Amino acid sequence: MIIFRTILFALPLISLPALAGWDDVNMSPGATALGQEIFGLHMTIFWICFAIGVAVLGAMAFILFKYRKKEGVEAAKFDDSTFLEFTWTILFALILIGMSIPATITMIRAYDDTEGDINILITGHQWKWQYEYIEDEVSFFSNLSTSLDERNNLAPKGENYLLEVDEHLVIPTGARIRFLITANDVIHSWWVPDFAIKQDAIPGFVNTGWTQVNEPGIFRGQCTELCGQYHGYMPIVVEAVSPDQYKEFIMQKKEAKLQQAALTEKLWTTEELMAMGEGIYQKNCVACHQVNGQGLAPVFPALAGSDIVMNDKARQIEILMEGVQGAAMQSYAEQLTEVEIAAVITYTRKSWNNDPSGNAEIVAPKEILDYKTNKL
Amino acid sequence: MSAVIESHHGDHHHGPAKGFSRWLYTTNHKDIGSLYLWFSFIMLFVGGAMAMVIRAELFEPGSQIVSPEFYNQMVTNHGLIMVFGVIMPAFVGLANWMIPMQIGAPDMALPRLNNLSFWILPAAFGVLLSTFLMEGGAPNFGWTFYAPLSTEYAPPTVTFFIFSVHIMGASSIMGSINIITTILNMRAPGMTLMKMPLFVWSWLITAYLLIAVMPVLAGAVTMMLMDIHFGTSFFSAAGGGDPVLFQHVFWFFGHPEVYIMILPAFGIVSHIIETFSRKPIFGYSSMVYAIASIALLSFVVWAHHMFTVGMPIAGELFFMYSTMLIAIPTGVKVFNWLSTMFRGSLTFETPMLFAIAFVALFTIGGLSGLMLAIAPADFQYHDTYFVVAHFHYVLVPGALFSIVAAVYYWLPKWTGYMYDEVLGKTHFWLSFISVNLTFFPMHFVGLAGMPRRIPDYAMQFADYNMIVSVGAFLFGLSQLLFLFNVLKCVYYGKSATAEVWEGAKGKGLEWTVDSPAPYHTFETSPDLTKPQTNS
């Protein structure tokens, strides 16, 4: 019976890893020097613990087998041994000191928060990440790009299911990147396993982490602090590119910013706004207000048939720009451009039978710009 | 157990009242112990059903049976119920039954308080579970309820949650006062502190921990209440408050709470191992000192739950070192249990099997805990399934197995009947296999990068999650066997002797009274000042 037990016990230890490669069962070996160092520390501690585990469980298996009740064998009577207890207490202390030395060294290295060549402000929002390149004044949001059909098992799941986003965080290789991490609403946590960075994003606090990637590549991570219902749906994708490509990326972002400003001044047709608004709605709004505009009572109100959407244009603009205090609705003033906000408001005003007469007024990008200007 | 507590020994004491009023008005420690144990047994199936929903949702990638919102409600309430509704009440139930009998006292020191501390507990969980029927749904912010997710961003039912936690806390504090008073004042003559059974010692220390930290939890939820309803900003950064303060306050409660859920297990396992080894416990005094030092250390390690909040490096190092220190007294206990079995005469009845599994699997949970203590490595482990694996190893094959072991060990004493040994062993083997199948692969997916508390996951975690789910369903079903075995014992069991176990001779006062234990025991204290065979 004891042998049976030992085999059973060993079963999950041995056979499960054999089903897959080691990659699937162990920590990322790290893509950066710090990542590799923490992986090394993890393996050191793991093997020490593994050895202790094997010794203790092995001794236990031996005792269980050897001292099972036998005819004519009396149990011993001893109940104390100061020498033994003293010895193993010292032994434990020595093992722990041995473990704490490499841990302390790595800890000090991980906590280097001197300024980087490039500083990136990361802000967690329910349920997306915002990346702001502080020196270049470039800022954008990064949303999950896995389709709802994949999530609802209506389409085959891709290779990077739930680990793909619309906008990668692009960083140059060979540079020291410092991340400044905070949050806008609840606590999130920014984790990229290959960099061994996991820092909580806390409203009102700015935490730091840093990395230096030497080889180009794509690195994926996820939010690791429960942040509400879509906590599982706010992944992180970091793309390391050569410094030249990085410069180009920043240039493109800056140009796009200028173009958007020009678009605000343009005259938009209803069709153009509706087409754009539908895309914006799918990306930013369906999580709460749903595809059919019905929302999820009681937390997320319906837009279909809503009095504000149908009759109160000014209030609807205000809600999108300022968010709703004490509710899940956040401000989109910085997340979306003026054109996008105008488009999505127009879309909601003209969808789901909100506009049976077909005469509902559209919202022009200029109105959003005016709202912003008046506020100043 | 209700049917069999009545005493048939024709003594002069009045027996229990009949019907429901017996249970509602009872001040008898045995009745109240049974109430606590049945309550926790029911809650085990409630919390277990929620775990089944979680594992069904995670059986495959993709959205399966529940929405992400309901999934979070399941995760939250599973945790709350298992911690406050299963493990803690079960230990209090065992304390109620066993402490008076182990120290030779006629009852608990404060019987009416005892009744109250039990009966407000179903009220607390009634309040908590009723939130599932309310608009906005049940609490959905995790059992650790970090602000501001649990304040500004919480569903309106959070207020019910706060009151429920207050009532649970009041119940625990009253229970602890009762236990401390009983142990300090009502021991039989001759039972000095250092002669007390280890279960009594472990509960004495646990009760002090409870009194120290439950008010801290009450403070945390009161601050939440103020933030939500009265315009304060304790935890709101926008109002000048500090969301991290919540975590410090919560874990100052939370870490001792973790030991509240394991120290009584140490006591139980010590008794069972010495009985079935037919040897006295090895290193009694070092066992006591180990429990005491674990309890003291538990007050200075809380921030190891917060290595990623951005503490200064001095804080990280302090909490890393203090956490590693806990490995010393814990290691001493494991070695003492092994030494107790060493050169013993071991038999493997069901309680012993569960106790041995406890030592083995708690060791695994302890070693993964040691890995988690290493702060820089914890940056990678924190909030992943590695943590989920770790705390389930110490709570399920740890705390829960010790409770199951205790029930099998003392059930014949409580009911007067033996449980079915074949069923008991079947229950053990099914539980042992499935518990490892459930929680061991979680280490792998955690290291490979799967965060905890997510309702859906990336493709590379699919294989192990399916194994985990199968293990979980098997574990859940196996516990029905436990319920069946207890009921079978109560209604159809064979009579048990006073000593019940061959090795129980001289292993405590509870084995000197009849089986079933009479409704009132030790109305005259046993005199332990003279040497006795049973002491």
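Residues numbered from 1 in each chain as written. Chains lettered and ligands numbered in written order. Predicted model: local features only at pLDDT ≥ 70, side-chain atom pairs only at ≥ 80, totals over all residues.

(A) Geometry of the overall build of chain B. The helix and strand tally for chain B stands at 16 helices and two strands. In terms of overall dimensions, chain B is globule-like: its C-alpha atoms have a radius of gyration of 23 Å, near the 24 Å expected for 535 residues. Overall, chain B is about 70 × 50 × 45 Å in size when its C-alpha atoms are taken along their principal axes. Scored against the burial criterion, the 535 residues of chain B give a buried share of 62%. A separation threshold of at least 6 residues defines the contact pool for chain B, and within that pool the share at least 24 residues apart is 83%. (Helix = DSSP H or I, 4+ residues; strand = E, 2+ residues; numbered from the N terminus. Rg over C-alpha atoms; globule rule 2.2 N^0.38 Å. Buried ≥ 20, exposed ≤ 12 C-beta atoms within 10 Å, placed from the backbone. Contact = placed C-beta atoms within 7 Å.)

(B) The arrangement of the overall build of chain A in detail. Scanning chain A for helices and strands turns up 11 helices and 10 strands. Taking 2.2 N^0.38 as the reference for a compact globule, 376 residues should give roughly 21 Å; the C-alpha atoms of chain A span a radius of gyration of 29 Å, well beyond that estimate. Referenced to the eigenvectors of the C-alpha coordinate spread, the extents of chain A come out at roughly 100 × 50 × 35 Å. Across the 376 residues that make up chain A, the buried fraction comes to 35%. When contacts within chain A are restricted to residue pairs at least 6 apart in sequence, those whose partners lie at least 24 apart make up 65%.

(C) Spotlight on the pairing of strand β8 (residues 207-211) of chain A. Residue and element names in this part refer to chain A. The buried fraction of β8 amounts to four of the five residues, a majority that puts the element mostly inside the structure. In terms of strand pairing, strand β5 (residues 177-183) meets β8 through five bridges, oriented antiparallel. Directly across from I181, in β8, lies its bridge partner N207. (Pairing = 2+ DSSP bridges.)

(D) Broad picture of the sheet that holds β5(A). Residues and elements named next belong to chain A. Pairing is mixed in the open sheet, where five strands are placed in the order β3-β2-β1-β5-β8. Edge positions in the open sheet fall to β3 (138-142) and β8, since each of these has one partner strand only. Strand-to-strand, the axes of this sheet are offset by a mean angle of 25°, without reference to chain direction. (Axes fitted to C-alpha atoms, helices over the stretch in contact; angles between N-to-C directions.)

(E) Molecular detail of the sheet that holds strand β7 (residues 197-201) of chain A. Residues and elements named next belong to chain A. Judged by pairing direction, the sheet is mixed, and its five strands sit side by side in the order β4-β10-β9-β6-β7 without closing on themselves. Two strands in the sheet have a free side with no partner beyond their single neighbour: β4 (169-172) and β7. Averaged over all pairs of adjacent strands, the angle between their axes in this sheet comes to 25°, without regard to strand direction. Against the sheet, helix α5 (residues 243-265) touches β4 and β10 (235-241), its axis set at about 135° to β4.

(F) Up close: the environment of S147(A). With respect to the helices, strands and loops of the structure, S147(A) is situated in the loop between β3 and α4 (148-151). With 10 residues separating them in the primary sequence, S147(A) and K157(A) have C-alpha atoms 9.1 Å apart.

(G) Examining helix α3 (residues 68-103) of chain B more closely. Residue and element names in this part refer to chain B. Taking 1.5 Å per residue, 36 residues should reach 52 Å; α3 reaches 50 Å between its end C-alpha atoms and fits that length. The largest bend along α3 reaches roughly 35° and is located at M82. With 33 of its 36 residues buried, α3 lies for the most part within the structure. G104, located one to two residues past α3, shows a positive phi value of around 75°. (Expected span 1.5 Å × (residues − 1). Bend = angle between axes of the 7 residues up to and from the residue.)

(H) Spatial organisation of the packing of helix α2 (residues 29-57) of chain B against helix α16 (residues 462-492) of chain B. All names here are of chain B. One can describe the packing of α2 onto α16 by two numbers: an axis separation of 9 Å at closest approach and a directional angle of 160°. Relative to α16, α2 is oriented roughly antiparallel. Judged by the sense of rotation from one axis to the other, the crossing of α2 with α16 is left-handed. Every residue of α16 that contacts α2 at L44, G48, A51, M52, R55 and A56 is listed here: V468, S469, A472, F473, G476 and Q479. (Parallel < 35°, antiparallel > 145°, perpendicular 65-115°, else oblique. Left-handed = near helix turned anticlockwise from the far one by under 90°.)

(I) Structural view of the interface of chain A and chain B. Taken together, the contact between chain A and chain B spans 83 residues of the former and 87 residues of the latter. Counting residues per element, the ones that place at least two in the side of chain A that touches chain B are α1 (2-19), α2 (33-66), α3 (82-110) and β7 of chain A. Of the residues that constitute the side of chain A that touches chain B, the class distribution is 49 nonpolar, 21 polar and 13 charged. (Nonpolar A, V, L, I, M, F, W, Y, C, P; charged D, E, K, R; others polar.)

(J) The domain arrangement of chain A, seen in detail. Residues and elements named next belong to chain A. As far as domains go, chain A holds domain 1 (26-63 + 81-111), domain 2 (118-150 + 160-257) and domain 3 (266-375). Here the C-alpha centre of domain 3 lies 27 Å away from the C-alpha centre of domain 2. Listed as interface residues are seven residues of domain 2 and, on the opposing side, five residues of domain 3. Each residue belonging to the side of domain 2 that touches domain 3 can be placed in one class, and the counts come to three nonpolar, three polar and one charged. (Domains from an automatic or database assignment.)

(K) Quick look at the packing of α3(A) against helix α11 (residues 327-341) of chain B. Here α3(A) crosses α11(B) at 140°, and the two axes come no closer than 10 Å. Regarding the angle of α3(A) to α11(B), the classification is oblique. For the pair α3(A) and α11(B), the crossing hand works out as right-handed. Residues E85(A), W88(A), T89(A), F92(A), A93(A) and L96(A) of α3(A) form the contact with α11(B), whose own contacting residues are A327(B), I328(B), G331(B), V332(B) and F335(B). Residue composition of the contact of α3(A) with α11(B), grouped by class: eight nonpolar, two polar and one charged.

(L) Local environment of the confidence of the model for chain B. Residues and elements named next belong to chain B. Scored by pLDDT, chain B has a mean of 93; 96% of the residues are at 70 or more. Across chain B, the element-wise mean pLDDT spans from 90 in helix α1 (residues 20-25) up to 97 in α2. Overall, residues 1-12 carries pLDDT values under 50, and its contacts beyond four positions in sequence, including any with other chains, amount to 26 contacts. In the predicted complex, the global pTM is 0.89; the interface-specific ipTM is 0.90. (pLDDT = per-residue confidence, 0-100.)

(M) Looking closely at the nonpolar core. Grouped together as the largest cluster of nonpolar side chains are 250 residues, with contacts concentrated most on I87(B), V269(B), F358(B) and A405(B). When residues of this core are assigned to their parent elements, the largest contribution, 22 residues, is made by helix α14 (residues 385-415) of chain B. Built from parts of two domains, this core gets at least three residues from each of domain 1 (26-63 + 81-111) and domain 2 (118-150 + 160-257) of chain A. When residues no more than four places from it in sequence are discounted, the contact partners of I87(B) are M82(B), M261(B), L395(B), A399(B) and L400(B). Listed in part, the 18 residues of the second largest apolar core include C285(A), L320(A), A343(A) and I345(A). (Core = buried A, V, L, I, M, F, W, Y, C linked by C-beta atoms within 7 Å.)

(N) Main features of the confidence of the model for chain A. Chain-level pLDDT for chain A is 87 on average; 93% of the residues reach the 70-or-more range. When mean pLDDT is taken per element in chain A, strand β6 (residues 188-192) of chain A scores highest with 97 and α1(A) scores lowest with 49.

(O) Layout of the environment of Q316(A). All names here are of chain A. With respect to the helices and strands, Q316 occurs in helix α9 (residues 313-322). Overall, the presence of 19 C-beta atoms within 10 Å leaves Q316 in the partly exposed class. Spatially, the C-alpha atom of Q316 lies 7.6 Å from that of I345, the residues being 29 residues apart in sequence. Those residues in contact with Q316, other than ones at most four positions away along the chain, are I308, V309 and I345.

(P) Examining helix α15 (residues 421-447) of chain B more closely. Residue and element names in this part refer to chain B. Compared with the 39 Å implied by 1.5 Å per residue over 27 residues, the 39 Å span of α15 between its first and last C-alpha is a close match. Of all 27 residues making up α15, 19 are buried, and the element is well covered by its neighbours. A positive phi of about 115° marks G449, the residue just after α15.

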